[in-house]
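What follows is the residue order along each chain.
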Amino acid sequence: EADIYQTPRYLVIGTGKKITLECSQTMGHDKMYWYQQDPGMELHLIHYSYGVNSTEKGDLSSESTVSRIRTEHFPLTLESARPSHTSQYLCASEKQGTGELFFGEGSRLTVL
Amino acid sequence: QKEVEQDPGPLSVPEGAIVSLNCTYSNSAFQYFMWYRQYSRKGPELLMYTYSSGNKEDGRFTAQVDKSSKYISLFIRDSQPSDSATYLCAMSGGFAGNMLTFGGGTRLMVKP
């Protein structure tokens, strides 16, 4: 079983609030990813990291930001949430050299 | 045109049926091919992983890769209601790099 954890699992907040979605993995993987997925829709890559102090934007433009100060931790922040940010956010880490991704359970965000 | 195409379904089958799920792709550089299973409101989990062409079997699941046709398949024998989920193909490798490219997913429903 994959050791990658996301909190919170569910979050309902009002417009304009700042939120941080947490993601931690204990497998020592260097590469980590954030995907956005609407219900029944495909995965969209929004951020990724090759390791500590490395962050890159993904294919889908996102107003969120990420940081990678420690290998095991890859939080995603929205400075001012809007209803358009309502979605599921999935964090993943990659097993070295294989391309295999291990996903967390996801954080389902609803912005009112 | 998307790099990886997958019929979104839904695909509805009776319990015990053999299920065939497929993806086509356009990038001949892909070398690593994966199938992920995603239950509702959960993160995807790796189901099958294959390198290059050929078949791989794991219990009731068989993955096939035909690189000459740029076509991959996942077969599920004796399908069970617990197999009801969305199945995503993903691929990477070679000149395409290790960044996974996902299909849009096929929703499968196995009826008892």
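Predicted model, so just to flag it, every value in this text is computed and none were measured.

1. Remarks on the overall build of chain A
Logical step 1: A tally of helices and strands in chain A yields 0 helices and 11 strands.
Logical step 2: Ordered by position from the N terminus, the helices and strands of chain A form the series β-β-β-β-β-β-β-β-β-β-β.
Logical step 3: Against the globule reference of 13 Å for 112 residues, chain A gives a C-alpha radius of gyration of 13 Å, in line with a compact fold.
Logical step 4: Expressed as lengths along the three principal axes of its C-alpha atoms, the size of chain A is roughly 40 × 30 × 25 Å.
Logical step 5: A total of 112 residues make up chain A; the buried ones form 47% of that total.
Logical step 6: In chain A, of all internal contacts separated by at least 6 residues, the share reaching a separation of at least 24 is 52%.
Logical step 7: Accessible surface for chain A amounts to roughly 5,400 Å². Of this, 51% is attributable to carbon and sulfur atoms.
Logical step 8: Of the side chains in chain A, 10 bear a positive and 14 a negative charge, and the two mean positions are spaced by 6 Å.

2. Structural notes on the interface of chain B and chain A
Logical step 1: At the interface, 18 residues of chain B touch 23 residues of chain A.
Logical step 2: Carbon and sulfur atoms make up 51% of the area that chain B and chain A hide from each other, which totals about 1,600 Å².
Logical step 3: Three residues, Arg41, Asn98 and Met99 of chain B, lead the burial of chain B against chain A; their summed loss comes to 34% of the area buried on that side.
Logical step 4: Glu42 of chain A is paired through a salt bridge with Lys2 of chain B; the nearest N and O atoms lie 2.7 Å apart.
Logical step 5: At the junction of chain B with chain A, the criterion picks out 5 residue pairs in polar contact (both at pLDDT 80 or more).
Logical step 6: Among the residues making up the side of chain B that touches chain A, the classes are represented as 10 nonpolar, 5 polar and 3 charged.

3. Focus on the environment of Tyr71 of chain B
Residues and elements named next belong to chain B.
Logical step 1: Position of Tyr71 relative to the elements: it lies in strand β8 (residues 71-76).
Logical step 2: The class of Tyr71 is partly exposed, set by a relative accessible area of 33%.
Logical step 3: Separated by 23 residues in the primary sequence, Tyr71 and Met48 place their C-alpha atoms 15 Å from one another.
Logical step 4: Beyond its immediate chain neighbours, meaning those up to four positions away, Tyr71 contacts Asn22, Cys23, Thr24, Tyr25, Gln64, Val65 and Asp66.

4. A closer look at unusual backbone geometry
Logical step 1: Cis geometry marks the peptide bond from Thr7 of chain A to Pro8 of chain A; its omega dihedral reads -10°.
Logical step 2: Position of Pro8 of chain A relative to the elements: it lies in the loop between β1 (4-7) and β2 (10-13).
Logical step 3: Here the amide bond leading from Gly9 of chain B into Pro10 of chain B is cis, since omega sits at 10°, within 30 degrees of zero.
Logical step 4: Mapped onto the elements of the fold, Pro10 of chain B is located in the loop between β1 (4-6) and β2 (11-14).
Logical step 5: We note that Arg41 of chain B has phi near 65°; this positive angle belongs to a residue other than glycine.
Logical step 6: Looking at where Arg41 of chain B falls in the secondary structure, it is placed in the loop between β4 (32-38) and β5 (45-51).
Logical step 7: Unlike most non-glycine residues, Ser52 of chain B shows phi in positive territory, near 60°.
Logical step 8: Tracing the backbone shows Ser52 of chain B in the loop between β5 and β6 (54-58).
Logical step 9: Judged by its relative accessible area of 25%, Ser52 of chain B is partly exposed.

5. Remarks on the state of the cysteines
Residues and elements named next belong to chain A.
Logical step 1: Counted under the stated rule, the structure contains 2 disulfides over all chains.
Logical step 2: A disulfide bridge connects Cys23 with Cys91, and the sulfur atoms are separated by 1.9 Å. Of note, the bridge from Cys23 to Cys91 carries an S-S torsion of about -75° and is left-handed in sense. Within this pair, whereas Cys23 is found in strand β3 (residues 19-25), its partner Cys91 is found in strand β9 (residues 87-94), the two being separated by 68 residues in sequence.
Logical step 3: Residue class for Cys91 comes out buried when judged on its relative accessible area of 0%.

Calculation notes
- Think of each chain on its own: its residues are numbered from 1, step by step along the sequence as written.
- Whichever chain is written first becomes A and whichever ligand is written first becomes 1, with later ones labelled in order.
- For a predicted model such as this one, the threshold for reporting local features is a pLDDT of at least 70, and the threshold for listing and counting side-chain atom pairs is 80 or more; totals across whole chains, interfaces and linings nevertheless cover every residue.
- To obtain the side-chain values, all non-hydrogen atoms of the structure were included, while hydrogens and water were left out.
- Here a strand is any run of E in DSSP of at least two residues, a helix any run of H or I of at least four, and the numbering for each starts at the N terminus.
- Note that the radius of gyration is over C-alpha atoms, with the globule rule given as 2.2 Å times the number of residues to the power 0.38.
- Between buried and exposed lies partly exposed: a residue is buried under 20% and exposed over 50% of the maximum accessible area for its type, with that area taken using a 1.4 Å probe on protein chains only.
- Throughout, a residue-residue contact means that at least one pair of heavy atoms, one from each residue, lies within 4.5 Å.
- Accessible surface is estimated by sampling points in the Shrake-Rupley manner with a 1.4 Å probe; for residues, cover comes only from the protein chains shown.
- Charge counting follows a simple rule: Lys and Arg are positive, Asp and Glu are negative, and His as well as the terminal groups are ignored.
- Where a charge lies is defined by one atom per residue type: Lys uses NZ, Arg uses CZ, Asp uses CG and Glu uses CD.
- Defined in terms of a 1.4 Å probe, buried area is the accessible area two parts forfeit on being brought together, summed over both.
- When a carboxyl oxygen of Asp or Glu is within 4 Å of a side-chain nitrogen of Lys or Arg, the pair counts as a salt bridge.
- By the criterion applied in these results, polar contacts are pairs of N or O atoms within 3.5 Å in which, for protein atoms, one can donate a hydrogen and the other can accept it, and in which residues neighboring in sequence qualify only through two side-chain atoms.
- Each residue gets one label: Ala, Val, Leu, Ile, Met, Phe, Trp, Tyr, Cys and Pro are nonpolar, Asp, Glu, Lys and Arg are charged, and the others, such as Gly, are polar.
- Criterion for a disulfide: a pair of cysteine sulfur atoms at a distance within 2.5 Å.

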